[in-house]
Amino acid sequence: MALKVVSPAEFTAAHKEAYAILSNLFGRLTPGDHVVRLAVCVEDQEPARATLPVTVEGRGDLDDLIGAESRYFENFAYLLAIGLAQTVAYGLMCLRSPADADGARYEGRVWDLDRGALVPADADRAAELIANWEDTRFRDAYGLQTGQEDASDGPEALCSRHLHTVL
């Protein structure tokens, strides 16, 4: 399968969407150390991978500090933009977060990257895809792309996701 030609305008739009996705994700993270992983594949190719460690310090309110090292952040955003712009690409984005006090050490969420869209996976699909994360309770992922936001996503969203701007 050949890669399709992507215009500079299409890639710019995908890159902006990648920043919006990360901004939406960051707006939902609770205090603690999180890891976001991304794998983007094209048929018959080895997947390109990126890892983004994210630390959130605070009490779970609007004053929380969210930190990600810029070189990892930019690499992650660039690879995500490629996956969004290149509709023959597919892959996964996974989030591993500290769990609530319900027995599991971690919580995991997964998004399928499919034909230029990041699609939230339910908990069962996440557990099926990422079977090797020990001591992890998988939860349903939420919409991160522009237009996928759901006001009923629950108490995890601390504020409007569109208030965040990633510089």
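Cut-offs applied
Residues numbered from 1 in each chain as written. Predicted model: local features only at pLDDT ≥ 70, side-chain atom pairs only at ≥ 80, totals over all residues. Heavy atoms only, no water. Helix = DSSP H or I, 4+ residues; strand = E, 2+ residues; numbered from the N terminus. Buried < 20%, exposed > 50% of the residue type's maximum accessible area, 1.4 Å probe, protein only. Contact = heavy atoms within 4.5 Å. Areas by Shrake-Rupley, 256 points an atom, 1.4 Å probe, with all protein chains shown as cover. Pairing = 2+ DSSP bridges. Salt bridge = Lys/Arg side-chain N within 4 Å of Asp/Glu carboxyl O. Core = buried A, V, L, I, M, F, W, Y, C linked by side-chain atoms within 4.5 Å. Expected span 1.5 Å × (residues − 1). Axes fitted to C-alpha atoms, helices over the stretch in contact; angles between N-to-C directions. Parallel < 35°, antiparallel > 145°, perpendicular 65-115°, else oblique. Left-handed = near helix turned anticlockwise from the far one by under 90°. Nonpolar A, V, L, I, M, F, W, Y, C, P; charged D, E, K, R; others polar.

*Asks:* Report on the overall build of the protein chain, specifying residues and quantitative values.
*Replies:* Within the protein chain, the secondary structure is distributed over three helices and seven strands. In the protein chain, which comprises 167 residues, the share counted as buried stands at 40%. Relative to all contacts within the protein chain whose residues are 6 or more apart in sequence, the contacts with residues 24 or more apart total 63%. If you sum the accessible surface of the protein chain, you get close to 9,100 Å²; carbon and sulfur atoms cover 52% of it.

*Asks:* Which residues make up the pairing of strand β4 (residues 90–98), and what are the values?
*Replies:* Note that strand β1 (residues 32–41) and β4 share seven bridges and pair antiparallel. Residue pairing across strands places Leu38 opposite Met93, the latter belonging to β4. One ladder, built from nine bridges, connects β4 with strand β5 (residues 106–114); its direction is antiparallel. Each residue of the ladder has a partner; that of Leu92, found in β5, is Asp112.

*Asks:* Kindly report on the pattern of salt bridges, identifying the contributing residues and their values.
*Replies:* Across all of its chains, the model carries seven salt bridges by this definition. In this structure, Asp112 and Arg125 form a salt bridge, with 3.3 Å as the shortest nitrogen-oxygen distance. Taken together, the residues Asp112 in strand β5 and Arg125 in helix α3 (residues 123–129) connect sequence positions 13 residues apart. Ionic pairing is found between Glu128 and Arg125, a salt bridge with its closest N-O pair at 3.8 Å. With a gap of three residues between them, Glu128 and Arg125 both fall in helix α3, about one helical turn apart.

*Asks:* Could you give an account of the environment of Ala13, with specific residues and numbers?
*Replies:* Relative to the helices and strands, Ala13 resides in helix α1 (residues 8–26). For Ala13, a relative accessible area of 47% puts it in the partly exposed group. Along the backbone, Ala13 and Ala81 are 68 residues apart, and their C-alpha atoms lie at a distance of 8.5 Å.

*Asks:* Lay out the nonpolar core in plain terms, naming residues and giving numbers.
*Replies:* One finds Leu25, Val36, Leu52, Phe76, Met93 and Trp111 to be the most contacted residues of the largest nonpolar core, which totals 32 residues. Going through the elements one at a time, α1, β1, β2 (48–57), α2 (70–85), β4 and β5 are the ones with two or more residues in this core. When residues of this core are assigned to their parent elements, the largest contribution, eight residues, is made by α2. With residues near it in sequence (within four places) discarded, Met93 still touches Ile21, Leu25, Val36, Arg37, Leu38, Phe76, Arg109, Val110, Trp111, Leu118 and Leu144. Core analysis: the second largest hydrophobic core is formed by eight residues, Val110, Ala123, Ala126 and Phe138 among them.

*Asks:* Let's hear about α1: which residues, and what values?
*Replies:* Its 19 residues give α1 an end-to-end C-alpha distance of 27 Å, which sits within 8% of 27 Å, the value for a rise of 1.5 Å per residue. The set of residues buried in α1 consists of Ala14, His15, Glu17, Ala18, Ile21, Leu22, Ser23, Asn24, Leu25 and Phe26.

*Asks:* Please set out the packing of α1 against α2 residue by residue, giving values where relevant.
*Replies:* Between α1 and α2, the least distance of the axes is 8 Å, while the angle of their chain directions is 120 degrees. Between α1 and α2, the angle falls in the class oblique. In the packing of α1 onto α2, the handedness of the crossing is right-handed. Only Phe73, Glu74, Phe76, Ala77, Tyr78, Leu80, Ala81, Ile82, Leu84 and Ala85 of α2 make contact with α1, whose side of the interface consists of Phe11, Ala14, His15, Glu17, Ala18, Tyr19, Ile21, Leu22 and Phe26. The class makeup of the residues in the contact of α1 with α2 is 16 nonpolar, one polar and two charged.

*Asks:* A description of α2 should follow, citing residues and the corresponding values.
*Replies:* Structurally, the α-helix is built with 3.6 residues per turn, so residues lying three or four positions apart point the same way. Here α2 is 16 residues long and its end C-alpha atoms lie 22 Å apart, about the 22 Å a rise of 1.5 Å per residue gives. Within the sequence span of α2, burial applies to Phe73, Phe76, Ala77, Leu79, Leu80, Ala81, Gly83, Leu84 and Ala85. Where α2 is buried, its residues meet α1, β1, β2, β4, β5 and β6 (117–120).

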